[in-house]
Amino acid sequence: MERQTGVIIVAGGGGSRMGGSLPKQFMLLGGMPVLAHTINNFAGALPGAEIVVVLPAAHIDFWQNFAARFEVAPHTVATGGGERFHSVKNGLAALRREPELIAVQDGVRPLATHELIRRTVAAAAEHGTAVPVIEPVDSFRQTDDAGSHIVDRRRLRIVQTPQVFRTDLLRRAYEAEYRPEFTDDASLVEQAGQEVFLCQGERANLKITTPEDLVFAEALLADREEKERQATETTHGEHL
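So, a few notes on the structure that sits alongside this text. What you see is a predicted model; the values in this text were computed from it and never measured.

About the criteria used
- Residues numbered from 1 in each chain as written.
- Predicted model: local features only at pLDDT ≥ 70, side-chain atom pairs only at ≥ 80, totals over all residues.
- Heavy atoms only, no water.
- Helix = DSSP H or I, 4+ residues; strand = E, 2+ residues; numbered from the N terminus.
- Rg over C-alpha atoms; globule rule 2.2 N^0.38 Å.
- Buried < 20%, exposed > 50% of the residue type's maximum accessible area, 1.4 Å probe, protein only.
- Areas by Shrake-Rupley, 256 points an atom, 1.4 Å probe, with all protein chains shown as cover.
- Lys, Arg positive; Asp, Glu negative; His and termini not counted.
- Charge placed at Lys NZ, Arg CZ, Asp CG, Glu CD.
- Phe/Tyr/Trp six-rings, centres within 6.5 Å; stacked < 30°, edge-to-face > 60°.
- 1 Å grid on protein atoms, 1.4 Å probe; cavity = no way out; pocket = protein on both sides within 12 Å on 5 of 7 lines; lining within 4 Å.
- Points joined across faces, edges and corners; volume = space filled by probe spheres on them.
- Nonpolar A, V, L, I, M, F, W, Y, C, P; charged D, E, K, R; others polar.
- Contact = heavy atoms within 4.5 Å.
- Core = buried A, V, L, I, M, F, W, Y, C linked by side-chain atoms within 4.5 Å.
- Expected span 1.5 Å × (residues − 1).
- Pairing = 2+ DSSP bridges.
- Polar contact = N/O pair within 3.5 Å; in protein donor to acceptor, adjacent residues only side chain to side chain.

All right, on to the overall build of the protein then. Helices and strands together make up the secondary structure of the protein, namely 7 helices and 12 strands. Compactness check: the protein gives a C-alpha radius of gyration of 19 Å against a globular reference of 18 Å for 240 residues, within 12% of the reference. In terms of overall dimensions, the protein has C-alpha extents of about 65 × 45 × 40 Å along its principal axes. Per-residue burial over the protein gives 44% buried out of 240 residues. With an accessible surface of roughly 12,800 Å², the protein has 50% of that area assigned to carbon and sulfur atoms. Charged side chains of the protein number 25 positive and 33 negative; the gap between the two group centres comes to 1 Å.

As a further point, take the packing of aromatic side chains. Two descriptors summarise a pair of aromatic rings, namely the distance from one centre to the other and the angle between the planes of the rings. Applying the stated criterion across every chain yields a total of 7 aromatic pairs. Through a chain of ring-to-ring contacts, the aromatic side chains of Phe26, Phe62, Trp63, Phe66 and Phe70 assemble into a single cluster.

So, about the layout of surface pockets. In this model, the second largest pocket occupies a volume close to 230 Å³. Around the second largest pocket, the lining residues are Arg109, Ile134, Pro136, Val137, Asp138, Phe140, Ile158, Gln160, Arg203, Asn205, Leu206 and Lys207. For the lining of the second largest pocket, a count of residues per class yields 6 nonpolar, 2 polar and 4 charged.

The tally for this structure, following the rule as stated, stands at 1 cavity of 30 Å³ or more. Around the largest cavity sit Arg84, Phe85, Tyr174, Phe182, Thr183, Asp184, Asp185 and Leu188, which together line it. Looking at the lining of the largest cavity residue by residue, the class counts come to 4 nonpolar, 1 polar and 3 charged.

Moving on to the environment of phenylalanine 62. With respect to the helices and strands, the residue phenylalanine 62 is situated in helix 2 (residues 60-67). Each C-alpha atom, one on phenylalanine 62 and one on phenylalanine 26, is 9.5 Å from the other, the two residues being 36 residues apart in sequence. Filtering out sequence-adjacent residues up to four positions away, phenylalanine 62 remains in contact with Leu22 and Phe26.

The subject of this paragraph is the nonpolar core. Of all hydrophobic cores here, the largest spans 32 residues; its most connected members are Leu35, Ile39, Leu46, Leu55 and Trp63. At the level of elements, strand 1 (5-10), helix 1 (34-45), strand 4 (50-55), helix 2, strand 6 (101-106) and helix 4 (114-127) are the ones that each hand at least two residues to this core. Not counting chain neighbours up to four residues away, the residues in contact with tryptophan 63 comprise Phe26, Pro33, Leu35, Ala36, Ile39, Leu55, Val72, His75 and Val77. Membership of the second largest hydrophobic core comes to 22 residues, among which are Val104, Val133, Ala186 and Val196.

Right, let's talk about helix 1 for a bit. A rise of 1.5 Å per residue sets the reference length of helix 1, with its 12 residues, at 16 Å; its end C-alpha atoms lie 17 Å apart and thus fit the reference within 8%. Here helix 1 lies mainly inside the structure; 9 of its 12 residues are buried. Along helix 1, the positions that sit buried rather than exposed are Val34, Leu35, Ala36, His37, Thr38, Ile39, Asn41, Phe42 and Ala45.

Our next topic: the pairing of strand 7 (residues 129-134). Within strand 7, 6 of the 6 residues are buried, which leaves the element mostly enclosed by the surrounding structure. Of the two faces of strand 7, the one lined by Thr129, Val131 and Val133 and the one lined by Ala130, Pro132 and Ile134 are each fully buried. Sheet topology places strand 7 next to strand 11 (residues 163-166); 2 bridges connect them, and they run antiparallel. Bridge assignment links threonine 129 to a residue of strand 11, and that residue is phenylalanine 165. The pairing of strand 7 with strand 12 (residues 198-200) spans 3 bridges and is parallel. Considered in strand 12, the bridge of proline 132 is made with cysteine 199.

Right, let's get into unusual backbone geometry. Of note, the amide linkage connecting threonine 161 to proline 162 takes the cis form, showing an omega dihedral of 15°. For proline 162, the position within the fold is in the loop between strand 10 (158-159) and strand 11.

Attention now goes to the side chain of glutamine 160. Relative to the assigned elements, glutamine 160 resides in the loop between strand 10 and strand 11. The class of glutamine 160 is buried, set by a relative accessible area of 3%. Within polar-contact distance, the side chain of glutamine 160 engages the side chain of asparagine 205 at 3.2 Å. Residues in contact with glutamine 160, not counting those within four places in the same chain, are Arg109, Val131, Pro132, Ile134, Gly201, Glu202 and Asn205.

Below, the structure written as structure tokens:
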């Protein structure tokens, strides 16, 4: 399935909510750029998959020079558009192979595990579409002209990426004209008449948007690396 899946990583954000001049996808997390973690996660989970990273034209030279300082898996770079819709469309055009499935990932979700990526790809292979979601833990209120009222959170789901689709479904969906309500790929595919299958996401699959998110991601990454170290030591000890 790895070689039959194309990956589009959308990293077009300017990072205004993070503050500072460096876009969030280029900030360091555990000593590597956030975007490098995202790329490497997919290269590790789907060996042989073609990876296209979509960046604003103004950031392409910077990224290529910056990435050369780190161990970043092979990928090609495409130029982004004015909206996420246009960036994904450009990423689709940049794929050199025609895979059976295409995964679209936010560049600033650097902690998606190999298990999550493979689980979502497997679900898309079975159902044609797959979108990871998690149940909310907060309460919600909906506002209108009359005030506000409680929303039953048991019926809500928080949507994550990667969102994975059969290639023909995604390409057909992106033949539509851009509309502001197309906030993710699933909304486009659904608008084209295809039912969207929901699979289990991960709470640690954090989208880094604010400075606090980066702090949380550092803690999650450190905890993950420590658990991996302990597991390696345990396995090594069992073989002595």
